[in-house]
Amino acid sequence: MTLTVHDIRNGIRGGVGRFKRETTATFTKEELAALADALDVPTRHRSTNDTTRAAVRVAVGVAETIEEADTGSFSKPELQAIADALGVEPVEDDEPEPLY
């Protein structure tokens, strides 16, 4: 098997101190903020989810400037670049621990 987008997102979530999810979902505003904190993205580049995603892309070297950066959801290669920048090693079938 290979790593899925869900596996990589969960690895990133765990790497920035957020809860992993059972189902695949894009990052929430709070998860994006934690990711931006971990990557030292200045607060002036975090006014919306779109600007935060653009700033994260610049911080990990996927884009050169915020103006040029895509503002949509992260692709699998972008997620891998983010995981690499954080020093996170995603795991296949990375599901959250039960809460009970």
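Going by the structure above, here's the rest.
Calculation rules
Residues numbered from 1 in each chain as written. Predicted model: local features only at pLDDT ≥ 70, side-chain atom pairs only at ≥ 80, totals over all residues. Heavy atoms only, no water. Core = buried A, V, L, I, M, F, W, Y, C linked by side-chain atoms within 4.5 Å. Buried < 20%, exposed > 50% of the residue type's maximum accessible area, 1.4 Å probe, protein only. Helix = DSSP H or I, 4+ residues; strand = E, 2+ residues; numbered from the N terminus. Contact = heavy atoms within 4.5 Å. Phe/Tyr/Trp six-rings, centres within 6.5 Å; stacked < 30°, edge-to-face > 60°. Salt bridge = Lys/Arg side-chain N within 4 Å of Asp/Glu carboxyl O. Axes fitted to C-alpha atoms, helices over the stretch in contact; angles between N-to-C directions. Parallel < 35°, antiparallel > 145°, perpendicular 65-115°, else oblique. Left-handed = near helix turned anticlockwise from the far one by under 90°. Nonpolar A, V, L, I, M, F, W, Y, C, P; charged D, E, K, R; others polar.

*Asks:* Go over the nonpolar core with me, naming the residues and quoting the values.
*Replies:* Of all hydrophobic cores here, the largest spans 18 residues; its most connected members are Ile12, Phe27, Leu35, Val56, Phe74 and Ile82. Residue assignment for this core shows that the elements contributing at least two residues are helix 1 (5–15), helix 2 (29–38), helix 3 (49–59) and helix 4 (76–86). The residues contacting Val56, other than those within four sequence positions of it, are Leu35, Leu39, Val41, Phe74 and Ile82.

*Asks:* Pulling in residues and values, what's your account of the packing of aromatic side chains?
*Replies:* Counted by the stated rule, this structure contains one aromatic pair. Relative to Phe74, the ring of Phe27 lies with its centre 6.1 Å away and its plane at 65°, an arrangement referred to as edge-to-face. Remark: Phe74 occurs in the loop between helix 3 and helix 4 and Phe27 occurs in the loop between helix 1 and helix 2; sequence separation between them is 47 residues. A single burial state applies to Phe27 and to Phe74, both of which are buried.

*Asks:* Quick rundown of the pattern of salt bridges? Include the residues and the values.
*Replies:* Working definition: two side chains of opposite charge can pair if their charged atoms are close together. For the structure shown, the criterion picks out six salt bridges. Among the salt bridges present, the one from Arg21 reaches Glu31, with a minimum N-O distance of 3.4 Å. One end of the pair, Arg21, is in the loop between helix 1 and helix 2; the other, Glu31, is in helix 2, and 10 residues separate them in sequence. Accessibility expressed as a relative area gives 5% for Glu31, which makes it buried. We note a salt bridge from Arg46 to Asp37, for which the minimum N-O separation is 2.6 Å. It is possible to trace a salt-bridge network through shared partners that takes in Arg13, Arg21 and Glu31.

*Asks:* So what's going on with unusual backbone geometry? Residues and values would help.
*Replies:* In this model, Asp40 sits at a positive phi of 55°, which is unusual for a non-glycine residue. Structurally, Asp40 can be placed in the loop between helix 2 and helix 3.

*Asks:* Tell me about the packing of helix 2 against helix 3, residues and numbers included.
*Replies:* Packing of helix 2 against helix 3 brings their axes to within 10 Å, and their N-to-C directions diverge by 30°. Of the possible angle classes, the one that applies to helix 2 and helix 3 is roughly parallel. The chirality of how helix 2 crosses helix 3 is left-handed. Each of Lys29, Leu32, Leu35 and Ala36 in helix 2 lies in contact with helix 3, whose residues at this interface are Asn49, Thr52, Arg53 and Val56. By residue class, the composition of the contact of helix 2 with helix 3 is four nonpolar, two polar and two charged.

*Asks:* Tell me about the environment of Ala54, and name the residues and values.
*Replies:* Position of Ala54 relative to the elements: it lies in helix 3. Sequence spacing of Ala54 and Ile82 is 28 residues, and the spatial spacing of their C-alpha atoms is 12 Å. Those residues in contact with Ala54 that sit more than four places away from it in its chain are Ile66, Ala69, Asp70 and Thr71.

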